[in-house]
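What follows is the residue order along each chain.
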Amino acid sequence: MRYTIRMITEERLKILTESAKYDVSCSSSGSGRKNAGGMGNGYVAGCCHSFTPDGRCISLLKILLSNDCIYHCKYCPNRADADVPRASATPDEICQLVIDFYKRNYIEGLFLSSAVCKNPEYTMERLVLTVKKLRTEYHFHGYIHLKGIPYADERLMEEAAKYVDRMSYNIELPSEKSLKLLAPQKTKESLLLPMKELTVKKQQYAEERKKGQYKGYFLPAGQTTQMIVGASPEADGQILRLTQALYRSMDMKRVYYSSYVPVVQDSLLPDKPTGQLREHRLYQADWLLRFYGFSVEELVAEGENLSMEYDPKCAWALKNMHLFPVEINRAPLETLLRVPGIGAKNAYKILEARKYATLSFEDLTKMRVALKRAKHFITCNGKFFGAKNETQIRGFLAAAEQSDNAQQLDLFAQISSPQNALISLTGQL
Amino acid sequence: MVYVFDGTKNGFLTAFLAAYKDENALLTSKQTQLPLGERTLFIDTEPLRAEKAKNRLLCFDRDCMRDFDTLLRSGMDNNEQIAFRYFHTLTKEKRPIGKMLSNPDVFAAVECMRKVGFEVHRFHGFIRFMETASGALYAPFAPDNDICDLLAPHFRARLPQFPFVLHDTKRKKAAVYDGKNVFLAPLCDAEIMLSADENAWQALWKRYYAAVNIPSRERLRQMRGYMPARYWKFLPEKQDPPTDE
Ligand code: SF4
């Protein structure tokens, strides 16, 4: 089985990649798609194939079908009136690229998106054509994440969902007001409606599958979305409330945050980039919502931002000192998970190890449970090893935070040169 | 006392039977590392005694042979001693000990096994195949641990139509999939004829790697942490970057 080689040129590959690269989600996890003749399967845990000098993982081939846009989102370098090189690829070029990269184990699959080229309908048709070809003509069973185009026909969206593992419609900005201002052609409805429809459809197909009326897949790895933080004035409390609502009502698998980088001069946009520490804090809080049993109301008030000084769990613990210290040998899992510095992995380790022996402070060290923060909130067999009073504890926690951040200085360095950063967010919806 | 065995599983088990009552026993197959001034016993592998040791260990933990296999694959210098201490603890405790992490011998063994498993996971991503003129795929690599046959099922499941060779250049052996079965074979140097398009696809991959990076956010330490430099030799994207501009 050999196809005529349709090899994309290096030049167009470069343009279409550079226009797509600021998209933050690269996860390839969550799909157990099986090989069914041909090439590829899903890898439930996700898999990184390489790492770029910016420290990010390459899992999926992240690329645009086209960066030629008719819209004018204020923050986007691909908007219609921007002076940037334009390029498009054909569906076959993308398919061949995926097949040959996948075969060499460069990638785990495809993350395909596009600028709005000509009109939403046409763009979505091309995207669907590409993923359909990839599955049916090229017999590819690896991971596919597709970005949906708002305003395109619902039937196109439904068809796409049968071929791909994950879809995302980006919510873009945390409020309708900001959306109106900065992405005038997109409305809250145009972004939320497809998400809702997909959630409903997914349930319908699951029902039909149970009854044996539907055999194929329908979005096995669910939906994700993304928003830009710092281009508009919403506080973390508001952003996280939106996040929580998306997890609860839309069954979102992930909400991604992307800190704003100014690439475009516009009086409506801030001229300073958002610090990456803010993005980091949002992800930490997001993590607490999903895996640690916290609700947003416990973490931050609607109009407020997260603390920069402490991570969200420490900040919460400091407000709830009456709940601590907890005894490491008796506390139930839910309580262990709420101890600052104890992550899910270590919580489980402790649960297992204490079945064999009463754990002392030393034992925890031997098990390499990090205690820098935790020691102020636990007792080990009745003994407390933390600081004497709350003021001291605050001091130690702040110091711990600083030394961690110093180690990751390059992570939080402000992005100083906008022309290098070129683009804050990309060419896609 | 130092117990020197031949490096095989049966050799280890025979040595284990001889050594397990000796608190200060040191087990190794690496004669270059023999400590000076210690009494040394060279163990002759005896399949029957090995079987006896194995059955004894299985009484305490039915799954312990999987741990054994993993520990012996480790590239750590003292992995055999770690395995010995682990099974020594098992015979003392007389029940599965895998979760008994506050015991230092158990912790060391679990860490050692975790490293092997982690490297398998890493190479699911870091293996790079080249397409040869015959259409078969060839991937040379130099892992820390002896894992090439552990990687094969993963690639066989996703590329069932492509024969492939996973070549551990350090241990001079390969896991080979011929389109039907996977087998292990010794392999020193492989002579490879690349397919006509191979270089062009590698060039596109390098181009992609360069284009997807965000230079203003350089975090080299993170990159090296996730993808250690010792693995770079066989990654096309870490050879000379694409030129022009
Ligand atoms: S964000 Fe998307 S729709 Fe908006 S201008 Fe950029 S490419 Fe076009």
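Residues numbered from 1 in each chain as written. Chains lettered and ligands numbered in written order. Predicted model: local features only at pLDDT ≥ 70, side-chain atom pairs only at ≥ 80, totals over all residues. Heavy atoms only, no water.

Some points on the packing of helix 3 (residues 64-73) of chain B against helix 4 (residues 79-93) of chain B
Residues and elements named next belong to chain B.
Phase 1 of the analysis: Direction vectors running N to C along helix 3 and helix 4 enclose 160 degrees, while the axes themselves pass 9 Å from each other. Viewed along their axes, helix 3 and helix 4 adopt a mutual orientation that is roughly antiparallel. For helix 3 against helix 4, the interelement crossing comes out right-handed. Mapping the contact onto sequence places Cys64, Asp67, Phe68, Leu71 and Leu72 in helix 3 and Asn79, Glu80, Ile82, Ala83, Tyr86, Phe87 and Leu90 in helix 4.
Phase 2 of the analysis: Looking at the contact of helix 3 with helix 4, its residues break down into nine nonpolar, one polar and two charged. (Axes fitted to C-alpha atoms, helices over the stretch in contact; angles between N-to-C directions. Helix = DSSP H or I, 4+ residues; strand = E, 2+ residues; numbered from the N terminus. Parallel < 35°, antiparallel > 145°, perpendicular 65-115°, else oblique. Left-handed = near helix turned anticlockwise from the far one by under 90°. Contact = heavy atoms within 4.5 Å. Nonpolar A, V, L, I, M, F, W, Y, C, P; charged D, E, K, R; others polar.)

Some words on empty space enclosed by the protein
Residues and elements named next belong to chain B.
Phase 1 of the analysis: Scanning all chains against the criterion turns up two cavities of 30 Å³ or more.
Phase 2 of the analysis: Computed from the structure, the second largest cavity encloses a volume of approximately 70 Å³.
Phase 3 of the analysis: Lining the second largest cavity are Phe123, Phe126, Ile127, Arg128, Pro140, Phe141, Ala142, Arg230, Tyr231, Phe234 and Leu235.
Phase 4 of the analysis: Residues of the lining of the second largest cavity, tallied by class, amount to nine nonpolar, no polar and two charged. (1 Å grid on protein atoms, 1.4 Å probe; cavity = no way out; pocket = protein on both sides within 12 Å on 5 of 7 lines; lining within 4 Å. Points joined across faces, edges and corners; volume = space filled by probe spheres on them.)

Overview of the interface of chain A and chain B
Phase 1 of the analysis: Counting residues at the interface gives 66 residues for chain A, matched by 56 residues for chain B.
Phase 2 of the analysis: Between chain A and chain B, roughly 5,700 Å² of surface is buried when both sides are summed, and carbon and sulfur atoms account for 58% of that area.
Phase 3 of the analysis: Linking chain A with chain B are six salt bridges, by the criterion used here.
Phase 4 of the analysis: A:Arg104 serves as the salt-bridge partner of B:Glu131, at 3.4 Å between the closest nitrogen and oxygen.
Phase 5 of the analysis: At the boundary of chain A and chain B, one finds 22 residue pairs in polar contact (both at pLDDT 80 or more).
Phase 6 of the analysis: Going through the elements one at a time, helix 1 (10-18), strand 1 (50-51), strand 3 (60-64), helix 2 (91-103), helix 12 (344-353), helix 13 (361-366), helix 15 (409-412) and helix 16 (418-421) of chain A are the ones with two or more residues in the side of chain A that touches chain B.
Phase 7 of the analysis: Of the residues forming the side of chain A that touches chain B, the biggest block, six residues, is contributed by helix 2 of chain A.
Phase 8 of the analysis: Class assignment for the residues of the side of chain A that touches chain B results in 29 nonpolar, 19 polar and 18 charged. (Buried area = accessible area lost by both parts, 1.4 Å probe. Salt bridge = Lys/Arg side-chain N within 4 Å of Asp/Glu carboxyl O. Polar contact = N/O pair within 3.5 Å; in protein donor to acceptor, adjacent residues only side chain to side chain.)

Some details on helix 12 of chain A
All names here are of chain A.
Phase 1 of the analysis: All of the buried residues along helix 12 are Asn346, Ala347, Ile350 and Ala353. Mapping the buried residues of helix 12 onto a view down its axis gives an arc of 135 degrees, with all of them on the same face.
Phase 2 of the analysis: Its buried side turned inward, helix 12 meets helix 11 (333-336) and helix 13. (Buried < 20%, exposed > 50% of the residue type's maximum accessible area, 1.4 Å probe, protein only. Arc of directions from axis to C-beta.)

Structural notes on the domain arrangement of chain A
Phase 1 of the analysis: Here chain A is partitioned into domain 1 (10-223) and domain 2 (312-405).
Phase 2 of the analysis: Taken over C-alpha atoms, the centre of domain 1 of chain A sits 41 Å from the centre of domain 2 of chain A. (Domains from an automatic or database assignment.)

Concerning the sheet that holds strand 4 (residues 130-131) of chain B
All names here are of chain B.
Phase 1 of the analysis: Spatially, five strands are ordered 4-5-6-7-8 in an open sheet, and the strand pairing comes out mixed. Edge positions in the sheet fall to strand 4 and strand 8 (182-186), since each has one partner strand and no second.
Phase 2 of the analysis: The pairing of strand 4 with strand 5 (residues 137-141) spans two bridges and is classified as antiparallel. Directly across from Glu131, in strand 5, lies its bridge partner Leu137.
Phase 3 of the analysis: Sheet contacts for helix 6 (residues 148-158): strand 5, strand 6 (164-168), strand 7 (173-177) and strand 8; angle to strand 6, the most-contacted strand, approximately 155 degrees. (Pairing = 2+ DSSP bridges.)

Quick notes on the packing of aromatic side chains
Phase 1 of the analysis: Scanning all chains against the criterion turns up 34 aromatic pairs over all chains.
Phase 2 of the analysis: For the ring pair A:Tyr205 and A:Tyr214, a centre distance of 4.6 Å and an interplane angle of 65 degrees mean the geometry is edge-to-face.
Phase 3 of the analysis: For A:Tyr214, a relative accessible area of 14% corresponds to the buried category.
Phase 4 of the analysis: What links up through ring pairs into an aromatic cluster is the set B:Phe5, B:Phe12, B:Phe16, B:Tyr20, B:Phe68, B:Phe84, B:Tyr86 and B:Phe87.
Phase 5 of the analysis: It is A:Lys118 that lies over the ring of A:Tyr122; its NZ or CZ is 4.3 Å from the centre.
Phase 6 of the analysis: Here the guanidinium or amino end of B:Arg230 rests over the ring plane of B:Tyr231, the centre of that ring lying 4.8 Å away. (Phe/Tyr/Trp six-rings, centres within 6.5 Å; stacked < 30°, edge-to-face > 60°. Lys NZ or Arg CZ within 6 Å of the ring centre and 35° of its normal.)

Points about helix 6 of chain B
Phase 1 of the analysis: Burial in helix 6 of chain B covers these residues: B:Cys148, B:Leu151, B:Ala152, B:His154, B:Phe155 and B:Arg158.
Phase 2 of the analysis: Elements that come into contact with the buried residues of helix 6 of chain B comprise helix 2 of chain A together with helix 5 (104-126), strand 5, strand 6, strand 7 and strand 8 of chain B.

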